[in-house]
Amino acid sequence: MKTSSYIFEYLDENDFRKKERSVRKYNMLAYKKLTFSYYPELRKGNFLGEKIDEDKKAKTISYELKLPTDELFAKVHGEIRLHYTVYTEKGVILLTNITPEGILDEGHRAELSTYKGVMVSKTDPERDMFKINLLNMLGK
């Protein structure tokens, strides 16, 4: 049975909301796309992103949706992705995670500094600055 409208549930709502706020704080374009384009489409039943897994017994499909990410940020920290699972019988979308976890978790706990326009982690800023310099040197 395909439902006309899906509802959102969370694997860990507090953790998910923290990461969502970090995305809003450090990548407004990705946050706006997520909130005003992707969420409404998902609620309508238009599942976006790449199908990762399907469990025919449990009637679930897992997806990974790539959010707009600055090219340099993606090379240093990885692309920002929304992970979700659709329960087709129940009309539920389980929002499971937003990655990359490390930098999004850190960005929530403390104000992160930037180096040449890219967020730098507090745990290993030298590594991040090295990657940024190397990518700039290689011409991205």
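Before reading on, note that the structure itself is shown above.
What counts and how
- Residues numbered from 1 in each chain as written.
- Predicted model: local features only at pLDDT ≥ 70, side-chain atom pairs only at ≥ 80, totals over all residues.
- Heavy atoms only, no water.
- Patch = residues over 30% accessible without salt bridge, like charges linked within 9 Å, V, L, I, M, F, W, Y side chains within 5 Å.
- Areas by Shrake-Rupley, 256 points an atom, 1.4 Å probe, with all protein chains shown as cover.
- Salt bridge = Lys/Arg side-chain N within 4 Å of Asp/Glu carboxyl O.
- Helix = DSSP H or I, 4+ residues; strand = E, 2+ residues; numbered from the N terminus.
- Buried < 20%, exposed > 50% of the residue type's maximum accessible area, 1.4 Å probe, protein only.
- Polar contact = N/O pair within 3.5 Å; in protein donor to acceptor, adjacent residues only side chain to side chain.
- Phe/Tyr/Trp six-rings, centres within 6.5 Å; stacked < 30°, edge-to-face > 60°.
- Lys NZ or Arg CZ within 6 Å of the ring centre and 35° of its normal.
- Expected span 1.5 Å × (residues − 1).
- Bend = angle between axes of the 7 residues up to and from the residue.
- Contact = heavy atoms within 4.5 Å.
- Pairing = 2+ DSSP bridges.
- Axes fitted to C-alpha atoms, helices over the stretch in contact; angles between N-to-C directions.

*Asks:* What exactly am I supposed to notice about a nonpolar patch on the surface here?
*Replies:* A grouping of Phe130, Leu134, Met137 and Leu138 is seen on the molecular surface, where their side chains present a nonpolar patch of about 480 Å² in accessible area. Along the chain, phenylalanine 130 turns up in helix α5 (residues 125-137). For phenylalanine 130, a relative accessible area of 55% puts it in the exposed group.

*Asks:* Explain the side chain of histidine 83 here, please?
*Replies:* On the secondary structure map, histidine 83 appears in strand β4 (residues 81-87). A residue is classified by how much of its surface remains accessible, and histidine 83, at 16% relative accessible area, is buried. Side chain to side chain, histidine 83 and glutamate 64 meet in a polar contact 3.3 Å long.

*Asks:* Even after reading the chapter, I still don't get the pattern of salt bridges, so can you show me in this structure?
*Replies:* Inspection of the entire model under this criterion finds 9 salt bridges. Overlapping salt bridges bring together Glu64, Lys66, Glu79 and Arg81 as one network.

*Asks:* Would you mind going over the packing of aromatic side chains with me for this structure?
*Replies:* Within this structure, the stated rule accounts for 5 aromatic pairs. Ring geometry for tyrosine 10 and phenylalanine 16: centres 5.4 Å apart, planes at 55°, overall tilted. Since its relative accessible area comes to 22%, tyrosine 10 is described here as partly exposed. Taken together, the aromatic side chains of Tyr6, Phe47, Tyr63 and Tyr84 make up a single cluster linked through ring pairs. In this arrangement the basic side chain of arginine 24 is found over the ring face of tyrosine 31, its NZ or CZ atom lying 5.6 Å from the centre.

*Asks:* Help me understand helix α2 (residues 28-44) in this model?
*Replies:* Note that an α-helix has 3.6 residues per turn; residues three or four places apart therefore point the same way. Here α2 spans 23 Å end to end across 17 residues, near enough to the 24 Å set by a 1.5 Å rise per residue. Taken as a whole, α2 carries its principal kink of about 40° at leucine 34. The complete set of buried residues in α2 reads Ala30, Tyr31, Leu34, Tyr38, Tyr39 and Leu42. Along its buried surface, α2 packs onto β1 (7-10), α1 (13-26), β3 (60-66), β4 and β5 (92-99). Trailing α2 by a residue or two, glycine 45 shows a phi angle of about 100°, which is positive.

*Asks:* So what exactly am I meant to see when it comes to the sheet that holds strand β2 (residues 50-55) here?
*Replies:* In sheet architecture, strand pairing relies on hydrogen bonds along the backbone and comes in two forms, parallel and antiparallel. Pairing within the open sheet is mixed, and its 5 strands lie in the order β1-β5-β4-β3-β2. Where the open sheet ends on each side, the last strands, each with one partner, are β1 and β2. Sheet twist, expressed as the average angle between the axes of neighbouring strands with direction ignored, equals 25°. For β4 and β5, the ladder comprises 7 bridges, and the chain directions are antiparallel. Looking across to β5, one finds that arginine 81 is bridged to threonine 99. Sitting on the sheet, α1 is in contact with β1, β4 and β5, with an inclination near 55° to β5.

Interpretation in functional terms is not warranted from these geometric data alone.
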